[in-house]
Amino acid sequence: MRPTRSRTTLTALTCVTAGVVLLGAAGPAAAHVGIDPQSAEAGSWAKLTFRVPDERPHAATTKVEVVLPADQPLASVSVRPVPGWTVRTEKRHLDQPLVDDGRKTGEAVSRIVWTGGRIGPGEFQEFDVSLGPLPEHGKRMVFKALQTYDSGEVVRWIDQAAANGTEPEHPAPVLALTPAAGTDADEASATRKPSGTESNAAGTDAPNVSAPVAASGDGDFADVTARVLGGAGAAAGLAGLLAAAATRRRAAKRSPGPRGW
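The following refers to the structure shown. Everything quoted here is computed from the prediction, not taken from an experiment.

When you go through the protein chain residue by residue, the secondary structure sums to three helices and 14 strands. Evaluated residue by residue, the protein chain yields a buried proportion of 23% over its 261 residues. In the protein chain, 67% of the contacts between residues at least 6 apart in sequence involve partners at least 24 apart. Split by element, the accessible area of the protein chain, about 17900 Å² in all, is 58% carbon and sulfur.

Quick look at the structure:
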């Protein structure tokens, strides 16, 4: 039994070691500019948090830029002040003005830039943005981000996931747009007739008298109870047979063999 236990222990240690290696390898890839929450209702307002970690052991992040999607302009964008950081927004002209609460605007924020602060190695910072109304159509919004280090390096978080779902090396923050309440699917569900009804000659909904009446749950309960008790009895019988066999084997081992003359 000892060799078997040793092989089992060795296998377990190998699996644990492999898991640690995989987690260590996945760590740097997971530390990218993220967005929270990752989804919001289409047509609503949202407060988004861009989380920026510093990934360089000997350089600090000194500039963060977030580019808003050009094909999904937003009527209103505001930022929360971050101590130690200066923020500015860049706007662009819109060929078709946006309307929000009856007010028209011919421009929209295209880029948000934070400077003057510092995110040291092993640290992260969060930048909050309130914006809306979100697009009523489409499945997502892609916010490309640029991270500048004091060493002069610029990391561009602008890549999108491949068709097979594989995450790129520098993924862009993505906000998924969920269907708004009261969509066509909800309306269809609300107008769907309940099961067991049909229209009569007068055009009103009436119970379908030809539909079979559901049986009470007592019969099902009795059937389930009988099955459970029968299974329990069979299991008890099998356990008794095994116990008897084990008793006979132990008795055979304890009884002395035939004595010689």
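With that settled, the discussion passes to the layout of surface pockets. Where empty space is left can be seen by rolling a probe of water-molecule size over the atoms. In this structure, the largest pocket encloses a volume near 210 Å³. Forming the walls of the largest pocket are 13 residues, and the residues nearest its centre are Pro73, Leu98, Pro133, Leu134 and Pro135. Looking at the lining of the largest pocket, its residues break down into eight nonpolar, two polar and three charged.

Turning our eyes to something else, we now look at the pairing of strand S10 (residues 144–149). A large share of S10 lies buried, amounting to five of its six residues. In terms of strand pairing, strand S4 (residues 61–67) meets S10 through six bridges, oriented antiparallel. Bridged to valine 64 within S10 is glutamine 147. Bridge analysis of S10 against strand S11 (residues 154–157) gives four bridges, and the strand direction is antiparallel. When the sheet's bridge partners are listed, glutamine 147 is paired in S11 with valine 155.

Let us look at the pattern of salt bridges. Under the definition given, this model contains nine salt bridges. Note that arginine 56 and glutamate 153 form a salt bridge whose closest N and O atoms lie 2.8 Å from each other. Residue arginine 56 is located in the loop between strand S3 (46–53) and S4, and its partner glutamate 153 is located in the loop between S10 and S11; the two are separated by 97 residues in the primary sequence. With a closest N to O distance of 3.8 Å, glutamate 107 and lysine 91 form a salt bridge. With glutamate 107 in strand S7 (residues 103–119) and lysine 91 in strand S6 (residues 86–100), this residue pair connects regions lying 16 residues apart in the sequence.

All right, on to the sheet that holds S11 then. With antiparallel pairing, five strands are arranged side by side in an open sheet as S6-S7-S4-S10-S11. In the strand order of this sheet, the two ends are held by S6 and S11, each with one partner. Averaged over all neighbouring strand pairs, the angle between strand axes comes to 15°, with direction disregarded.

Bringing the nonpolar core into the picture now. With 32 residues, the main nonpolar core has Trp114, Phe143 and Leu175 as its most contacted residues. Where this core is concerned, the elements lending two or more residues are S3, S4, S7, strand S8 (124–132), S10, S11 and strand S12 (174–178).

On to the environment of valine 64, then. Note that valine 64 resides in strand S4. The sequence separation of valine 64 and threonine 148 amounts to 84 residues, and the corresponding C-alpha distance is 6.4 Å. Contact partners of valine 64, with chain neighbours within four places excluded, come to Val52, Ile112, Val113, Trp114, Phe127 and Leu146.

Within the secondary structure, arginine 103 sits in strand S7. For arginine 103, a relative accessible area of 57% gives the class exposed. Taking the C-alpha atoms as reference points, arginine 103 and alanine 75, 28 residues apart in sequence, are found 9.5 Å from one another.

Scanning the model with the defined rule gives three aromatic pairs in all. Plain terms: the ring middles of phenylalanine 50 and phenylalanine 143 are 5.7 Å apart, the flat faces sit at 70° to each other, and that makes the pair edge-to-face. A residue pair is termed long-range when its members are at least 10 positions apart, and phenylalanine 50 in strand S3 and phenylalanine 143 in the loop between strand S9 (140–142) and S10 qualify at 93 residues. With respect to class, phenylalanine 50 is no different from phenylalanine 143; both count as buried. Centre to centre, the rings of tryptophan 114 and phenylalanine 127 are 4.8 Å apart; their planes meet at 40°, and the pair counts as tilted. Residue tryptophan 114 is located in strand S7, and its partner phenylalanine 127 is located in strand S8; the two are separated by 13 residues in the primary sequence. Side by side, tryptophan 114 and phenylalanine 127 carry an identical accessibility label, which is buried.

Criteria and cut-off values
Residues numbered from 1 in each chain as written. Predicted model: local features only at pLDDT ≥ 70, side-chain atom pairs only at ≥ 80, totals over all residues. Heavy atoms only, no water. Helix = DSSP H or I, 4+ residues; strand = E, 2+ residues; numbered from the N terminus. Buried < 20%, exposed > 50% of the residue type's maximum accessible area, 1.4 Å probe, protein only. Contact = heavy atoms within 4.5 Å. Areas by Shrake-Rupley, 256 points an atom, 1.4 Å probe, with all protein chains shown as cover. 1 Å grid on protein atoms, 1.4 Å probe; cavity = no way out; pocket = protein on both sides within 12 Å on 5 of 7 lines; lining within 4 Å. Points joined across faces, edges and corners; volume = space filled by probe spheres on them. Nonpolar A, V, L, I, M, F, W, Y, C, P; charged D, E, K, R; others polar. Pairing = 2+ DSSP bridges. Salt bridge = Lys/Arg side-chain N within 4 Å of Asp/Glu carboxyl O. Axes fitted to C-alpha atoms, helices over the stretch in contact; angles between N-to-C directions. Core = buried A, V, L, I, M, F, W, Y, C linked by side-chain atoms within 4.5 Å. Phe/Tyr/Trp six-rings, centres within 6.5 Å; stacked < 30°, edge-to-face > 60°.

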